[in-house]
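Residue strings, one per chain:
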Amino acid sequence: MAMITPLKRARGLGSAHEGPEHFVRQRLTAAANVVLAPFAVGLIATLAGADLAVVKATLSHPAVAIALVALVLSMAVHMRIGMQIIIEDYVHGEGAKVLLLLANTFFTGAVAVVAIFAVMKLSFGG
Amino acid sequence: MADASSEQPMRARPLSPHLQIYRPQINMVMSIFHRLTGVTLYFGSLLLAWWLLAAATGPDYFAFVNGLFATWPGMVVLVGYSWALIHHMLGGLRHFVWDTGTGLDIASVNILSWGTIVLSVLLTAGLWLFIAWQRGWVAPWL
């Protein structure tokens, strides 16, 4: 415990040269999600069963599309970090762990890309 | 070191007690729920991406996907998805409180934990009442 200089401890840099990034990022994205997710839930609840024309008209407003894209980005980062922690908690085989962490990044990336593409296409009126 | 460990058979090491040892307590159950709902939301994000992609694909496919979501099994999934989101969000807000170093005494922990589950059910019910009202599934006098 005491085998570390105060400066080193203050920097949060042990031998791993990293530390609280995930802790901080998970809370940063959580804070964004707390604002954006209820907005999206309200939007989707209002659009439930609506015609495509109504959905397009709603998403054509820049503020709506921007909020949705921001939510998808924040959500995807939050999902990736959260699932990474779960994988590291329960999967101890090195090979399986690396493969699952890779799959985690691809899955969250794919969800984000698909959702953002769809929001943009709807918003631009394609 | 390497020789010693490869020659001697590994003795079973003592393990710290796991879940089945403890009597379930509300904060522990809500902690498990937080992780489970997180995993649910992880895969549930496919539903959101699918719905958006369906809308971006065209009117026919959008109507098809909306039709699937409007079936009873579809709605059970959506109610579960929305509850998971609300529960996970309330759990996250509780963690924000704890991050400040407050609410860590047992009485507050119990209140915050019970608050998560009770409020999540109430808010989910409210959300679906709104959707039911909005879609005209319930009589207007409700």
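From a predicted model like this one, the values you see are computed outputs, not experimental measurements. (Residues numbered from 1 in each chain as written. Chains lettered and ligands numbered in written order. Predicted model: local features only at pLDDT ≥ 70, side-chain atom pairs only at ≥ 80, totals over all residues.)

### Examining the overall build of chain B
Note the following rule: Each helix is a run of DSSP H or I of at least 4 residues and each strand a run of E of at least 2, with the numbering of both proceeding from the N terminus. Each radius of gyration is computed over the set of C-alpha atoms, and the globule rule expresses the reference value as 2.2 Å times the number of residues to the power 0.38.
Per the secondary structure count, chain B includes five helices and zero strands. Its helices and strands taken in sequence order, chain B reads α-α-α-α-α from the N to the C terminus. A compact globule built from 142 residues would reach a C-alpha radius of gyration of about 14 Å, whereas chain B, at 22 Å, exceeds it by more than 25%. Projected onto the principal axes, the alpha-carbon positions of chain B cover approximately 75 × 40 × 25 Å.

### Overview of the overall build of chain A
Heads up, the rule is: Counting other C-beta atoms within 10 Å of each residue's C-beta, where C-beta atoms are placed from the backbone, gives the exposure class: buried for 20 or more, exposed for 12 or fewer, partly exposed between. Note that contacts rest on C-beta atoms placed from the backbone: two residues are in contact if these are within 7 Å.
Of regular secondary structure, chain A possesses five helices and zero strands. Element order for chain A, N to C, with α for helix and β for strand: α-α-α-α-α. By principal-axis analysis of the C-alpha atoms, chain A measures approximately 65 × 35 × 20 Å. Looking at the 126 residues of chain A, the share that counts as buried comes to 20%. If you take every contact in chain A between residues at least 6 apart in sequence, the share linking residues at least 24 apart comes to 73%.

### Details of the interface of chain B and chain A
Quoted interface sizes are often the accessible area lost when the parts come together. Applied cut-off: Residues are grouped as follows: Ala, Val, Leu, Ile, Met, Phe, Trp, Tyr, Cys and Pro are nonpolar; Asp, Glu, Lys and Arg are charged; all remaining types, including Gly, are polar.
In this assembly, 26 residues from chain B lie in contact with 22 residues from chain A. For the side of chain B that touches chain A, the elements supplying multiple residues, two or more each, are α2 (26-57), α3 (59-69), α4 (72-99) and α5 (106-134) of chain B. Tallying contributions element by element places α2 of chain B first for the side of chain B that touches chain A, with 12 residues. Here the residues of the side of chain B that touches chain A are counted per class, giving 18 nonpolar, six polar and two charged.

### Notes on the packing of α2 of chain B against α5 of chain B
Residue and element names in this part refer to chain B. Under the convention used in this document: Lines fitted to the C-alpha atoms define the axes, with helices restricted to the stretch that makes contact. Angles between their N-to-C directions range from 0 to 180 degrees. An angle counts as roughly parallel when it lies under 35 degrees, as roughly antiparallel when it exceeds 145, as roughly perpendicular when it falls between 65 and 115, and as oblique in every other case. Helix crossings get a hand from a simple test, with the near helix turned counterclockwise from the far one by less than a right angle marking a left-handed crossing and a clockwise turn marking a right-handed one.
Where α2 contacts α5, the two axes come as close as 9 Å, and the packing angle between them is 45 degrees. By the angle class used here, α2 and α5 are oblique. Regarding α2 and α5, the two cross each other, and that crossing is left-handed. Only V109, N110, S113, W114, T116 and I117 of α5 make contact with α2, whose side of the interface consists of I26, N27 and M30. Each residue belonging to the contact of α2 with α5 can be placed in one class, and the counts come to five nonpolar, four polar and no charged.

### Focus: helix α2 (residues 21-47) of chain A
Residues and elements named next belong to chain A. Cut-off, in case you're wondering: The span one expects for a helix is its residue count, reduced by one, times 1.5 Å. What we call the bend at a residue is the angle made by axes fitted to the seven residues finishing there and the seven residues starting there.
Here α2 contains 27 residues, and its C-alpha end-to-end distance of 37 Å stays within 8% of the 39 Å for a straight helix at 1.5 Å per residue. N33 marks where α2 bends most, by close to 35 degrees. Three or more residues of α2 are buried, namely T29, N33, L36 and A37. The positive-phi residue at the C-terminal boundary of α2 is G49, with phi of around 80 degrees.

### What to know about the nonpolar core
In plain terms, the rule: For the purposes of this analysis, a nonpolar core is taken to be any set of buried Ala, Val, Leu, Ile, Met, Phe, Trp, Tyr and Cys residues that are connected through C-beta atoms within 7 Å.
Judged by nonpolar contacts, the single largest core of 33 residues is most densely connected at V72, A115, A118, V119 and L122 of chain A together with L52 and A55 of chain B. Looking at this core, the elements that each hand over two or more residues are α2, α3 (52-59), α4 (62-90) and α5 (94-124) of chain A together with α2 and α4 of chain B. A total of 10 residues in this core trace back to one element, the largest contributor, which is α2 of chain B. Those residues in contact with L52 of chain B, other than ones at most four positions away along the chain, are A115, A118 and V119 of chain A.

### So, the confidence of the model for chain B
Condition: Values of pLDDT, which run from 0 to 100, indicate the predictor's confidence residue by residue.
For chain B, per-residue confidence averages 91 on the pLDDT scale, and residues scoring 70 or more make up 92% of the total. For this predicted complex, the interface score ipTM comes out at 0.87, alongside a pTM of 0.87.

### Looking at α5 of chain B
Taking 1.5 Å of rise per residue, the 29 residues of α5 of chain B would be expected to cover 42 Å, and the 41 Å separating its terminal C-alpha atoms lies within 8% of that figure. Where α5 of chain B is buried, its residues touch α2 of chain A together with α2 and α4 of chain B. Looking one or two residues past α5 of chain B, G136 of chain B carries a phi angle of roughly 75 degrees, positive in sign.

### Re the packing of α2 of chain B against α3 of chain B
All names here are of chain B. Where α2 meets α3, the axes come as close as 6 Å, and the angle between the chain directions of the two elements is 150 degrees. Our classification of the angle between α2 and α3 gives roughly antiparallel. Together, W50, W51, A54, A55 and T57 of α2 and Y61, F62 and V65 of α3 make up the contact between the two elements. Split by residue class, the contact of α2 with α3 holds seven nonpolar, one polar and no charged.

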